[in-house]
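# Fold and contact review
In case you want the letters, here they are:
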Amino acid sequence: MRIETVLHWVGILFVVFGLLVGGIAYATIDREAYNEAKEEAQASWAGETEKATYSSEKMLYDSDRDAALSILFGGILSGLLLIGFGTVIESLRESEGMNREIRDSLNQIKRNQASS
């Protein structure tokens, strides 16, 4: 199996796993605790404890969201990068083959001219 084929398939796997794992991680974020803490902190009777709870829940929610999005976009970008490398290698191999054909054709033309 050629390296560009391997890079294409590994890139596709990275994209798929990035979408799946990132989507699952994003879907499992505990939004209820964050929303409850937010409502309690915004209430008129809220004290320092409720505000501190909201602050910690917000930090936890933000870090979970950022981790999920990092997984999602990291998988997609690294997969696309590998697919791009595979495409570049494939293009270089094709151009090498075309150069070889042109060189052989030129050598054939030179031989024909020399024999005439």
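Residues numbered from 1 in each chain as written. Predicted model: local features only at pLDDT ≥ 70, side-chain atom pairs only at ≥ 80, totals over all residues. Heavy atoms only, no water.

### Some words on helix 2 (residues 31–42)
Helix length check: helix 2, at 12 residues, gives a terminal C-alpha distance of 16 Å against a target of 16 Å (1.5 Å per residue), a fit within 8%. Taken together, the buried positions of helix 2 are occupied by Tyr-34, Ala-37 and Ala-41. Summarising the axial view, the buried residues of helix 2 lie within an arc of 70 degrees, below the 170-degree limit, and thus occupy one face. Opposite its buried face, helix 2 presents the exposed residues Glu-32, Glu-39 and Gln-42, each directed more than 90 degrees away. Residues of helix 2 that are buried sit in contact with helix 3 (48–115). (Helix = DSSP H or I, 4+ residues; strand = E, 2+ residues; numbered from the N terminus. Expected span 1.5 Å × (residues − 1). Buried < 20%, exposed > 50% of the residue type's maximum accessible area, 1.4 Å probe, protein only. Arc of directions from axis to C-beta. Contact = heavy atoms within 4.5 Å.)

### Observations regarding the side chain of Glu-50
Inspection of the secondary structure puts Glu-50 in helix 3. For the buried Glu-50, no salt bridge is present, and the opposite-charge side chain at shortest range is Lys-51, 8.2 Å distant. Side-chain polar atoms of Glu-50 contact the backbone nitrogen of Gly-47, separated by 2.8 Å. Excluding residues within four positions of it along the chain, Glu-50 makes contact with Ala-37, Glu-40, Ala-41 and Trp-45. (Lys, Arg positive; Asp, Glu negative; His and termini not counted. Salt bridge = Lys/Arg side-chain N within 4 Å of Asp/Glu carboxyl O. Polar contact = N/O pair within 3.5 Å; in protein donor to acceptor, adjacent residues only side chain to side chain.)

### Digging into the pattern of salt bridges
Here the structure, examined in full by the defined rule, presents 6 salt bridges. The closest approach of N and O atoms between Glu-4 and Arg-93, which form a salt bridge, is 3.2 Å. Pair noted here: Glu-4 is in helix 1 (residues 3–27) and Arg-93 is in helix 3, with a separation of 89 residues, a long-range link. Residues Arg-65 and Asp-66 are paired through a salt bridge, measuring 3.5 Å at the closest nitrogen-oxygen approach.

### As for a nonpolar patch on the surface
Residues Trp-9, Ile-12, Leu-13, Phe-14, Val-16, Phe-17, Leu-20, Val-21, Ile-24 and Ile-71 make up a contiguous nonpolar surface patch of roughly 940 Å² in combined accessible area. By residue number, the principal contributor to the nonpolar patch is helix 1, which donates 9 residues. Topologically, Ile-71 is positioned in helix 3. (Patch = residues over 30% accessible without salt bridge, like charges linked within 9 Å, V, L, I, M, F, W, Y side chains within 5 Å. Areas by Shrake-Rupley, 256 points an atom, 1.4 Å probe, with all protein chains shown as cover.)

### Focus: the environment of Ser-115
Within the secondary structure, Ser-115 is located in helix 3. Engagement of the side chain of Ser-115 in a polar contact is seen with the backbone oxygen of Asn-112, the distance being 3.0 Å.

### Points about a negative patch on the surface
A cluster of acidic side chains, namely Asp-30, Glu-32, Glu-36, Glu-39, Glu-40 and Asp-64, defines a negative patch on the protein surface. Among the elements that make up the negative patch, the one with the highest residue count is helix 2 (4 residues). Considering the arrangement of structural elements, one finds Asp-64 in helix 3. (Charge placed at Lys NZ, Arg CZ, Asp CG, Glu CD.)

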